[in-house]
Structures are given as structure tokens and as C-alpha cells.
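Listed here are the chains, written in short residue letters.
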Amino acid sequence: MRKLLNTLYVMTESCYLTLDGENIVIQDGEKILARFPLHTLENVVCFTYKGATPALMGACAERKIGMSFFSPRGRFLARTVGKEYGNVLLRKEQYRISDDHEKGVSYAKNMILGKVFNSRWSVERTLRDHAYRVDEDKLRQISGVLYDTLQKIEKVSALDELRGIEGKAAEQYFSIFNDLILNQKEDFTFTTRNRRPPLDNVNAVLSFAYTILAGECANSLYSVGLDPYVGFMHGDRPGRTSLALDLMEELRPIMADRFILTLINTKALRASHFETQQDHAVLLNEEGRKVFFNAWQNRKKETITHPFLKEKMEWGLVPYIQALLLARTIRGDLDEYPPFLWK
């Protein structure tokens, strides 16, 4: 079993990352702020203007340490990619499945089934724990719609049909997302999902979490020898990690949405952690990102029992395990891809 290592988040805008032997060194001008052994890390996420040396990026790529770069305001810029790992025959089979919509839909629909299942679980969790604080009839009605959607997904045979069903399910789910926010309603009100740019505090942190989760899914796919740019549900598009977005679908409700609801409802995130840009885009500020990543790392260390493997592991290993199960299915070791169905 793979071991969950640390993720290094570099938040200071003026920092520059260099390589010294087997260590990452963080500098601010001539001042050395910190150093971290490479062998303790699996990801480096930089919110800096100055970036990192080519030597460090090469060392991270060689050791399969994911390295992603964001602007100080949280906009994704780039990520380093090293040598391809794994069997080339595995990737060739992945490409064949991607080009064959009949085969690809069997993978895509299991991922979307996982997404809808986990979305419904999130609604049911709120009903279980806070029925007296929400419109119970409204949430039960949406839960029922999502349950019916699961039956429809199992009968799907075409990608366009699957995309239509997924879109309607997402619309239903987000129609009651504001009801799942129990505290700080004056500062965290959700009306509709908006992106590029996000226009309110809830959408800002949703977009941020999805970006981080997509990066972790891409790194996991690389580590098992798959190509994160060639997906089954999401079509080919230059620069888009389509398979990572596919894999992320089933994990959104439980690893991102539920996590964000916890941050808001426990008042870990507050209105003061956001800022509004001239174009009306709302973004997490530096302090907000620190709160987010501190909670994110703690969450990844929590132990769960994987619903398919029946083995205990940390939450942070779930994207890797799902990528591994996907690779095994593509190789023919499993009859069909088992989505992560949380209970």
C-alpha cells in the first residue's frame, strides 16, 4: 500500500524554491526560510510569482513529486510533468477505450454513478444530523430525484445521454446546496454554481477545492501509468486533464463539497478570508488559503475503510486508490471500474 506523504504549500508571494542536495529550500531574497527533505513529500503547491529552479522541478519530476504553480490569487498556471511511468500497453489500451464511445461509456457511467450516489449521501447526511434545521420535505424530494437518477445511469448506453443525465442531476443537487449551509448564512449564500470567475464566497471556495482535487487526481493517474489528459466522460481538449476530471467526479461531493460545508458550518472559514477583484471575481485571500490547506491536510490524514477494498487507509490516498483500480480495470484485472461509493 502506498504511504501518504506530505504536501508542501508555499504561500508567500516573494518566495523562490531551489534544490540543495536532497532538499527543497525556500528562499525570500537571500534569506532561507525553510528546507524540506524530498523523500517526505508527494506534492508541492506554489502560490508565488518567482516559482522554482529547473533543477528542483527536474528533481521533483524524477521522484514523481507533483508540482503545481498558481498565481498568488489562486489561479492555476502550470504543473511539472516528468517521464511517463508504467506499461505503454496500458496507455495504448486507455487511448483505444477513449476513442471507442461504447467502451468509454461503461467507465464514465460508473464514475457519474459514484458522483450522484455520493451527492445523495451528502444530502442524506444533513437530513440525518440536522433534520430540525432544514426543510426536510425539500431535501427528501431532491434525495429521491437523485435516487431515481441512479437507476437511469445504469441503463445509459451513450455518452451524450449520460452527460445530459449528469447535468440535470447536478442542477438538482445544487438547487438545495444552500440548504446544507447551516451557519453564517449572511456571508455564505449559494444561489447557483458560477465559475470563471466565481462571484460569491461559496463558489470561490468550491472552485478552489475542485482545482486542488483535480491536481491530486492527475498526480495519482500519472503515478499508476495512465495519461490524465485522455478521458472517457470529458472529451479531448488541449491542456485539459480530462481523465483527472473524470476521476474527480465521484470524489467532488465527499472530498470537496462536504469538506467545504464543514469549513463554513464550523466557522473555520469566514467572510474576512475572501476578497473581491475589480472584475467582481471573489477569491480566497492568503489567510483564507492558509485556513483551507491546514484543514485540507488534516482531513487527508483521517482514516477510513475503503468501501470496495474493505481496507483502512487515509482519505488522502483515495484518489490514488481509485486511479489504481481504474488502471487494473483497463488492464483487464477487474470486470468493471468500481467507483468510490461512500456510506
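Residues numbered from 1 in each chain as written. Predicted model: local features only at pLDDT ≥ 70, side-chain atom pairs only at ≥ 80, totals over all residues. Heavy atoms only, no water.

Taking 1.5 Å of rise per residue, the 23 residues of helix α6 (residues 201–223) would be expected to cover 33 Å, and the 34 Å separating its terminal C-alpha atoms lies within 8% of that figure. Among the 23 residues in α6, 21 count as buried, and that is most of the element. For α6, the capping residue at the N-terminal end is Asp200, with a side-chain oxygen 3.1 Å from the backbone nitrogen of Val202. Directly beyond the C-terminal end of α6, a positive phi value near 95 degrees is found at Gly225. (Helix = DSSP H or I, 4+ residues; strand = E, 2+ residues; numbered from the N terminus. Expected span 1.5 Å × (residues − 1). Buried < 20%, exposed > 50% of the residue type's maximum accessible area, 1.4 Å probe, protein only. Polar contact = N/O pair within 3.5 Å; in protein donor to acceptor, adjacent residues only side chain to side chain.)

This part covers the environment of Gln277. With respect to the helices, strands and loops of the structure, Gln277 is situated in the loop between β8 (274–276) and β9 (282–284). Considered as a pair, Gln277 and Lys290 are 13 residues apart in the sequence and their alpha carbons are 19 Å apart. There is a polar contact of 3.1 Å between the side chain of Gln277 and the side chain of Glu275.

Its 12 residues give helix α2 (residues 88–99) an end-to-end C-alpha distance of 17 Å, which sits within 8% of 16 Å, the value for a rise of 1.5 Å per residue. Regarding α2, the residues found buried are Leu90, Arg91, Gln94, Ile97 and Ser98. For α2, the buried positions fall inside an angular range of 120 degrees around the axis, keeping them on one side. In α2, those exposed residues whose orientation departs by more than 90 degrees from the buried face are Leu89 and Asp99. On the buried face of α2, the contacting elements are α3 (101–130), α7 (242–249) and α10 (318–331). (Arc of directions from axis to C-beta. Contact = heavy atoms within 4.5 Å.)

Turning our eyes to something else, we now look at the pairing of strand β4 (residues 31–37). Pairing of strand β3 (residues 23–28) with β4 involves 6 bridges; the strand directions are antiparallel. Along β4, the bridge assignment pairs Ile24 with Phe36. Hairpin connection, β3 to β4: the antiparallel pair is bridged by 2 residues, and Gly29 has positive phi, about 70 degrees. (Pairing = 2+ DSSP bridges.)

To continue, consider the pattern of salt bridges. Evaluated as defined, the whole model comprises 15 salt bridges. Note that Glu216 and Lys300 form a salt bridge whose closest N and O atoms lie 3.1 Å from each other. Within this pair, whereas Glu216 is found in helix α6, its partner Lys300 is found in helix α9 (residues 286–301), the two being separated by 84 residues in sequence. Judged on exposure class, the residue Glu216 and its partner Lys300 are both buried. Linked by salt bridges that have partners in common, Lys115, Glu166, Glu249 and Arg252 make up one network. (Salt bridge = Lys/Arg side-chain N within 4 Å of Asp/Glu carboxyl O.)

So, about the packing of α6 against helix α8 (residues 252–265). Two packed helices can be described by the angle between their axes and the distance between those axes. α8 packs onto α6 with a crossing angle of 140 degrees between their chain directions and a minimal axis gap of 10 Å. Taken together, the axes of α6 and α8 are oblique relative to one another. Crossing handedness for the pair α6 and α8: right-handed. Together, Val202, Val205, Leu206, Ala209, Tyr210 and Leu213 of α6 and Arg252, Met255, Ala256, Asp257, Ile260 and Ile264 of α8 make up the contact between the two elements. Taken together, the residues of the contact of α6 with α8 break down into 10 nonpolar, no polar and 2 charged. (Axes fitted to C-alpha atoms, helices over the stretch in contact; angles between N-to-C directions. Parallel < 35°, antiparallel > 145°, perpendicular 65-115°, else oblique. Left-handed = near helix turned anticlockwise from the far one by under 90°. Nonpolar A, V, L, I, M, F, W, Y, C, P; charged D, E, K, R; others polar.)

Once that is clear, we can look at the side chain of Thr53. Counting through the fold element by element, Thr53 comes out in the loop between β5 (41–46) and α1 (54–62). Assessed through its relative accessible area of 14%, Thr53 is described here as buried. Ignoring any residue separated from it by four or fewer positions in sequence, one finds Thr53 in contact with Tyr16, Leu17, Thr18 and Leu19.

A few words now on the packing of aromatic side chains. Here the structure, examined in full by the defined rule, presents 16 aromatic pairs. These aromatic residues form a ring-pair network of at least three members: Phe208, Phe259, Phe292, Phe293 and Trp296. The positively charged end of Arg252 is found above the aromatic ring belonging to Tyr210, 4.4 Å away from the centroid. (Phe/Tyr/Trp six-rings, centres within 6.5 Å; stacked < 30°, edge-to-face > 60°. Lys NZ or Arg CZ within 6 Å of the ring centre and 35° of its normal.)

What follows covers the nonpolar core. Counting 92 residues, the largest nonpolar core has Leu162, Phe177, Leu226, Phe292 and Leu326 as the members making the most contacts within it. No other element matches α6, which puts 13 residues into this core. Look past the residues within four positions of Leu162 in its chain and what remains in contact with it is Val105, Ala108, Lys109, Ile112, Ile153, Val156 and Met233. Listed in part, the 17 residues of the second largest apolar core include Leu8, Val10, Cys46 and Phe69. (Core = buried A, V, L, I, M, F, W, Y, C linked by side-chain atoms within 4.5 Å.)

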